[in-house]
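# Structural features, examined
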Amino acid sequence: MQVDVLLGLQWGDEGKGKIVDVLASRYQIVARFQGGPNAGHTLVIGGKKFVLHTIPSGIFREHLINLIGNGVVLDPVTLEKEITQLTTAGISVQNRLLLSRKAHLILPTHRYLDAASEAAKGSSKIGSTLKGIGPTYMDKTGRNGIRTGDIHLAGFDQRYQTLKKKHLHLISLFPEIEFNLAEEEERWMASLDALRQIPQVDGEYYLHDALQSGKRVLAEGAQGSLLDIDFGTYPFVTSSNTITAGVCTGLGIAPQRIGEVYGVTKAYCTRVGSGPFPTELHDEAGDYLRKVGHEFGSTTGRPRRCGWVDLPLLKYSIMLNGVTQLVVTKIDVMNAMSEIQAATAYRYEGKRHTNVPYDLNLVSVEPEWHAFAGWEQELASCTKFEDLPQPCRSFIHYLEEFLHVPVTMVSTGPERESLIERERVSASA
Ligand code: GDP
Ligand code: IMO
Ligand code: MG
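## Notes on the nonpolar core
- Residues Val247, Leu251, Ile331, Met334 and Phe395 are the most contacted members of the largest nonpolar core, which totals 58 residues.
- Ranked by residues supplied to this core, first place goes to helix α11 (residues 390-403) with six residues.
- Among all residues touching Leu251, those that are not within four sequence positions of it are Ala31, Arg32, Phe33, Leu67, Gly69, Asn70, Gly203, Glu204, Leu207, Ala219 and Gly246.

Right, dumping it as structure tokens:
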């Protein structure tokens, strides 16, 4: 069996959580491969909204196992809160949540280091979620990190104290950073008890055996391809590989095992935090998308910057990920618009370009636009692609032709049920 992948093609918040929840009914395992509590994946089930930060979005499908992979960085306090949120809603994680022993732990002091790093950057700050993601991955690659498997080892406390001491020394250089370590540390230590209850596995062996025995696995991405540490709009990115390659390192999957790659894009585009955004709208259209699309961060509540869909950037993401199926979400947000735009190329340095420049921070690109007529009607009654109004179908067809990838799903609302599927949607064998 192959591992299918679902990930975001923009700057995150494409609606990955909702689509994973829908697709999960066709898989036996959903596995998160990178990121941490900087992610906020929203699911609306039976009219109730759930936001998942660490737990894979397959948790609402009773039959399947959810694995937190080794590529994830995990804050046990956030995880405990998520488990409580689910348990209160009557959803048990027992026997359905597994944790890779090799995932790295976010310490309270990692979050303070995140704040210190942002403070040091001043006006060029990244706009991090301040969840400690960057510093935790730095400790991982710096070979100082603490892994979830370590919480069962005798020397754990000593290792924690050593790393904490190192962090406190670094933080002392930033006296303006305020924190209450004693209180947060107590909470963190207490949450380790909950963490110890979650069965830990060698995720790479677990998945290998599952695939050998014919189980279907869906890898769930967090953030988006344009936030990838290598190929995103550096330095305004996150600290992990958010692209398909991250599935190999974040779960221990061999490259030839990758099957379908579902690339999720909004019908427009958003970004939270700082960094370049060539198609950003600073007018009423942008305000309209923010208002109607409820574009406020699921993790931080910050207003998301809104703009038109950017096809050169989408093409780039599709190339990097090997996307085989496109999923277009939030198309309903544009229902009332009389005209819609998409960027098809960039003009800079006196020339027209279809490739993304080396550094979008350094060149001021002028998008070339293609205008589409709006459909100016509700889509709630559309259940098949053919039901969609003609201008809406034309927009989708244009995306397919431009990007050379079939659009196999169109999402028309936040609920599970608001999804139009077309052929080629099957778990790969
Ligand atoms: P993720 O991080 O990629 O999982 O996306 P988020 O959950 O952060 O943000 C997507 C938001 O859009 C959430 O509030 C979803 O409930 C909502 N959403 C997802 N798909 C659709 C859709 O097709 N239409 C509308 N109107 N909202 C959607
Ligand atoms: P999901 O999985 C949108 C952004 C932050 C910031 C930058 C770095 O919900 O799509 P970090 O906390 O990683 O140091 O922040 O990345 N960012 C996200 N934006 N959706 C996310 O996740 C994000 N995770 C991080 O806003 O600009
Ligand atoms: Mg999100």
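What follows continues from the structure just given.
## Digging into the layout of surface pockets
- As a volume, the second largest pocket reaches approximately 610 Å³.
- In terms of lining, the second largest pocket is formed by 28 residues, of which the most central are Thr42, Gly293, Arg304, Lys330 and Pro414.
- Mapped onto the lining of the second largest pocket, the elements with two or more residues apiece are α1 (16-23), β3 (41-45) and β4 (48-52).
- Its residues assigned to classes, the lining of the second largest pocket comprises seven nonpolar, 13 polar and eight charged.

## Looking at the coordination of the magnesium ion (ligand 3)
- Distances from the magnesium ion (ligand 3) to its protein donors, namely Asp13 (OD) and Gly40 (O), fall within the range 2.0 to 2.2 Å. Pair noted here: Asp13 is in the loop between β1 (3-8) and α1 and Gly40 is in the loop between β2 (29-32) and β3, with a separation of 27 residues, a long-range link.

## What about the site of ligand 2?
- In the vicinity of ligand 2 there are 20 residues, among which Lys16, His41, Thr129, Gln223 and Thr238 approach most closely.
- Within the side chain of Asn38, one N or O atom sits 2.9 Å away from an oxygen atom of ligand 2.
- Within the backbone of Gly40, an N or O atom sits 2.9 Å from an oxygen atom of ligand 2.
- When ligand 2 sits alone it has 550 Å² of accessible area, and the protein chains cover 97% of it.
- Across the shell around ligand 2, the residue classes tally to seven nonpolar, ten polar and three charged.

## With respect to the site of ligand 1
- Of all residues adjacent to ligand 1, which total 18 residues, the nearest are Lys16, Thr42, Ser298, Asp332 and Ser411.
- Contacts to ligand 1 include Glu14, whose backbone N or O atom sits 3.1 Å from an oxygen atom.
- Between an oxygen atom of ligand 1 and a main-chain N or O atom of Gly413, the distance comes to 3.1 Å.
- Against a free-state accessible area of 590 Å², the protein chains account for coverage of 93% of ligand 1.
- Given that more than half its atoms are within 2 Å of the pocket grid, ligand 1 belongs to the second largest pocket.
- Counting residues per element, the shell around ligand 1 draws most heavily on α1, which supplies three residues.

## Overview of the sheet that holds strand β11 (residues 258-266)
- Read across the sheet, ten strands follow the order β9-β7-β5-β2-β10-β1-β11-β14-β18-β19 without closing on themselves; strand pairing throughout is mixed. Each edge of the sheet is formed by a strand with only one pairing partner; in this case those strands are β9 (200-201) and β19 (419-421).
- Both β1 and strand β10 (residues 217-220) contribute to a ladder of four bridges, which runs parallel. Each bridged residue has a counterpart across the sheet, and for Val5 the counterpart in β10 is Ala219.

## A closer look at the environment of Thr249
- When you line up the elements, Thr249 lands in helix α8 (residues 245-251).
- For the pair Thr249 and Asn144, spaced 105 residues apart in sequence, the C-alpha separation works out to 19 Å.

## Here we look at the packing of helix α3 (residues 108-121) against helix α5 (residues 156-171)
- The N-to-C vectors of α3 and α5 enclose an angle of 20 degrees; their axes lie 9 Å apart at closest approach. With respect to each other, α3 and α5 are oriented roughly parallel. α3 and α5 meet at a crossing whose hand is left-handed. Of the residues in α5, those in contact with Pro108, Thr109, His110, Tyr112 and Leu113 of α3 are Tyr160, Leu163, Lys164, His167, Leu168, Leu170 and Ile171.
- Class assignment of the residues belonging to the contact of α3 with α5 gives a composition of eight nonpolar, three polar and one charged.

## Some thoughts on the confidence of the model for the protein chain
- Of the residues in the protein chain, 99% reach a pLDDT of 70 or more, and the chain-wide mean stands at 96.
- Note on residues 425-429: pLDDT is under 50 here. Beyond four places in sequence and across chains, it has 20 contacts.

## Regarding the packing of aromatic side chains
- Per the stated rule, a full pass over the model turns up seven aromatic pairs.
- Considering the side-chain rings of Phe372 and Tyr398, the 5.0 Å spacing of their centres and the 85 degrees angle between planes classify their relative orientation as edge-to-face. Taken together, the residues span a long stretch of sequence, with Phe372 in strand β17 (residues 366-373) and Tyr398 in helix α11 at a distance of 26 residues.
- Residue classification places Tyr398 among the partly exposed positions, given a relative accessible area of 22%.
- Here Tyr398 and Phe402 contribute two aromatic rings whose centre-to-centre distance is 6.1 Å and whose plane-to-plane angle is 25 degrees, an arrangement assigned as stacked. Of this pair, Tyr398 and Phe402 both sit in helix α11, four residues apart, which is roughly one turn of that helix.
- Among the aromatic residues, those joined into a cluster by ring pairs are Phe372, Phe395, Tyr398 and Phe402.
- Above the ring of Phe402, the side-chain terminus of Lys315 is found at 4.7 Å from the ring centroid.
- Above the face of the Phe385 ring, Arg422 is positioned so that its terminal group lies 3.8 Å from the ring centre.

Thresholds, definitions, all that
- Residues numbered from 1 in each chain as written.
- Chains lettered and ligands numbered in written order.
- Predicted model: local features only at pLDDT ≥ 70, side-chain atom pairs only at ≥ 80, totals over all residues.
- Heavy atoms only, no water.
- Core = buried A, V, L, I, M, F, W, Y, C linked by side-chain atoms within 4.5 Å.
- Buried < 20%, exposed > 50% of the residue type's maximum accessible area, 1.4 Å probe, protein only.
- Helix = DSSP H or I, 4+ residues; strand = E, 2+ residues; numbered from the N terminus.
- Contact = heavy atoms within 4.5 Å.
- 1 Å grid on protein atoms, 1.4 Å probe; cavity = no way out; pocket = protein on both sides within 12 Å on 5 of 7 lines; lining within 4 Å.
- Points joined across faces, edges and corners; volume = space filled by probe spheres on them.
- Nonpolar A, V, L, I, M, F, W, Y, C, P; charged D, E, K, R; others polar.
- Donors = N, O, S within 2.8 Å, 3.2 Å for Na, K, Ca; no water.
- Near = heavy atom within 4 Å.
- Polar contact = N/O pair within 3.5 Å; in protein donor to acceptor, adjacent residues only side chain to side chain.
- Areas by Shrake-Rupley, 256 points an atom, 1.4 Å probe, with all protein chains shown as cover.
- Sits in = over half its atoms within 2 Å of the grid points.
- Pairing = 2+ DSSP bridges.
- Axes fitted to C-alpha atoms, helices over the stretch in contact; angles between N-to-C directions.
- Parallel < 35°, antiparallel > 145°, perpendicular 65-115°, else oblique.
- Left-handed = near helix turned anticlockwise from the far one by under 90°.
- pLDDT = per-residue confidence, 0-100.
- Phe/Tyr/Trp six-rings, centres within 6.5 Å; stacked < 30°, edge-to-face > 60°.
- Lys NZ or Arg CZ within 6 Å of the ring centre and 35° of its normal.

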